[in-house]
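Residue-level structure breakdown
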Amino acid sequence: MEGINAKYVSKKISKTRWRPVSSSSLQQPDIFATGSWDNEDNSISIWSIGENGVSIMDDEFEGDPQLVCEYKHNGDVLDLQFLDQDRIVTASSTGAVTIFQHHHNSQTLSVSQLWDRAHHYPCDNAPCTGVVCNSPEIVTVGEDGRIMLFRADQEGVLRTIEKADSSAIHAVTFLRTTEILTVNSIGQLKLWDFRQPGNEPSQILSLTGDRVPLHCVDRHPNQQHIVATGGQDGMLCIWDVRQGNMPFSLMEAHSAEMWEVHFHPSNPDHLFSCSEDGSLLHWETSSNSDTPSFLKGGRNTSIISRSAIAPAGGNQSLINAWLTGDSSKGHLETTHMLPSQMLSVNSLDVLGQCLVCGTDGEAIYVNRHVPI
């Protein structure tokens, strides 16, 4: 597989995320963060794929990721998101939510905020399973069925939805500025509106038949009503939250659990998924329109990152390729992005033409020439 750099790090990698870049600079990302799990000592690490701050767009400096700094992390890192270019939020198996500050001058990490037992059972800690950021707001979910809302500039908890779910919540994403989506262990996708009081979701969607646990969720960056999920059966589900309470389409993707699914943040005709089966898939849907769907609508936020909220603008009436794509008619192409391997690919992130993923094989893979 051309263009892939593998870095062996002696730790199982649970999460990988690119640091956001300014959308005005046309710069490719060159810094990413990783979190580890199932190790004697876990850590959060910052890596660079540039050299001495030089942009990686110059082929002369391409090479393996270089460790910039790291910090010990209590418990497994179950999720990790950049709050902004300097701060990273982690979700821990201990139930803690932590904000780490990356000091660029000294190239060190420090803890700037800690909510120690954000998620808990009456007599024990409950793993915090997911986090999503829209600075300064942070939303977390956990196995305790709670949804927590924090602000990075406040010590207290802004809001708790105490019994949001009777089952474990596995992942969360913003739908709009005041709305989030969660997925749980019984195959449900729930929409929550923070403007509404009480502990009830505004909408519940679910898989029919077997209650297959859902592990991941991502929202289309331009058309917020389109959502992708993946779960224990390895199926890729595309949902239109405006219509009905069942998935719009189901596609066979992986032969084991799908751990993450991500639309490309600026070219959402491309989608990526990774799995326990050791594969990372690149999905591409082709619309029949002369105008690529990523030009319909768009983002005018100053920072491009998955946790940023897309503007409400754009022509929402346009039919999206993901709702018309049909793999059997050749509208949907899938490509394996990694050499064949046996161990789980736990996490991926894509930004610009750069893809990073982390595995149970104690390796980080970086591809800086993704065909987008």
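The chain goes by Nucleoporin 43 in an unreviewed UniProt entry, where it is assigned to Hucho hucho. We quote the UniProt Subcellular location (unreviewed entry) comment for the chain here in full: "Nucleus".

In terms of helices and strands, the chain carries 0 helices and 32 strands. For the chain, contacts bridging at least 24 residues in sequence account for 53% of all contacts bridging at least 6. As presented, the chain carries roughly 15,500 Å² of accessible surface, and 46% of it is formed by carbon and sulfur atoms.

Next up on the list: the environment of Asp210. Along the chain, the position of Asp210 falls in the loop between β20 (203-206) and β21 (214-219). Here the alpha-carbon distance between Asp210 and Ile186, two residues 24 residues apart in the chain, equals 8.5 Å.

On to the confidence of the model for the chain. For the chain, per-residue confidence averages 86 on the pLDDT scale, and 84% of positions sit at 70 or higher. In the model, residues 288-319 has pLDDT below 50 throughout and makes 68 contacts with residues more than four positions away in sequence or in other chains. Contacts for the low-pLDDT stretch residues 325-330, under 50 throughout, to residues beyond four places or in other chains number 6 contacts.

Let us look at the nonpolar core. Core analysis: the largest hydrophobic core is formed by 16 residues, its most contacted members being Ala228, Leu236, Ile238, Val261, Leu271, Trp283 and Trp322. Of all elements in the fold, only β22 (226-231), β23 (235-240), β25 (258-263) and β27 (280-285) reach the threshold of two or more residues within this core. The dominant element in this core, judged by the number of residues it contributes, is β25, at 3 residues. If we skip the residues at most four places from it in the chain, Val261 touches Cys216, Val217, Asp218, Ala228, Thr229, Gly230, Leu236, Leu271, Phe272 and Ser273. Judged by nonpolar contacts, the second largest core, of 15 residues, contains Ala171, Leu205, Leu214 and Trp239.

As summarised here, the arrangement of the 4 strands in space is β2-β4-β5-β6, forming an open sheet in which the pairing is antiparallel. Single-partner strands in this sheet number two, and they are β2 (13-18) and β6 (66-73). For this sheet, the mean angle separating the axes of adjacent strands, direction not counted, is 20°. Looking at chain direction, strand β4 (residues 31-36) and strand β5 (residues 42-48) are connected through 5 bridges and run antiparallel. Note on β5: the bridge partner recorded for Thr34 is Ser45.

The next thing to look at is the packing of aromatic side chains. Per the counting criterion, the structure on display carries 4 aromatic pairs. Over the face of the ring belonging to Trp37 we find Lys12, whose NZ or CZ atom lies 5.7 Å from the ring centre.

What counts, and where the lines are drawn
Residues numbered from 1 in each chain as written. Predicted model: local features only at pLDDT ≥ 70, side-chain atom pairs only at ≥ 80, totals over all residues. Heavy atoms only, no water. UniProt positions renumbered as here; feature names shortened; annotations may be inferred. Helix = DSSP H or I, 4+ residues; strand = E, 2+ residues; numbered from the N terminus. Contact = heavy atoms within 4.5 Å. Areas by Shrake-Rupley, 256 points an atom, 1.4 Å probe, with all protein chains shown as cover. pLDDT = per-residue confidence, 0-100. Core = buried A, V, L, I, M, F, W, Y, C linked by side-chain atoms within 4.5 Å. Buried < 20%, exposed > 50% of the residue type's maximum accessible area, 1.4 Å probe, protein only. Pairing = 2+ DSSP bridges. Axes fitted to C-alpha atoms, helices over the stretch in contact; angles between N-to-C directions. Phe/Tyr/Trp six-rings, centres within 6.5 Å; stacked < 30°, edge-to-face > 60°. Lys NZ or Arg CZ within 6 Å of the ring centre and 35° of its normal.

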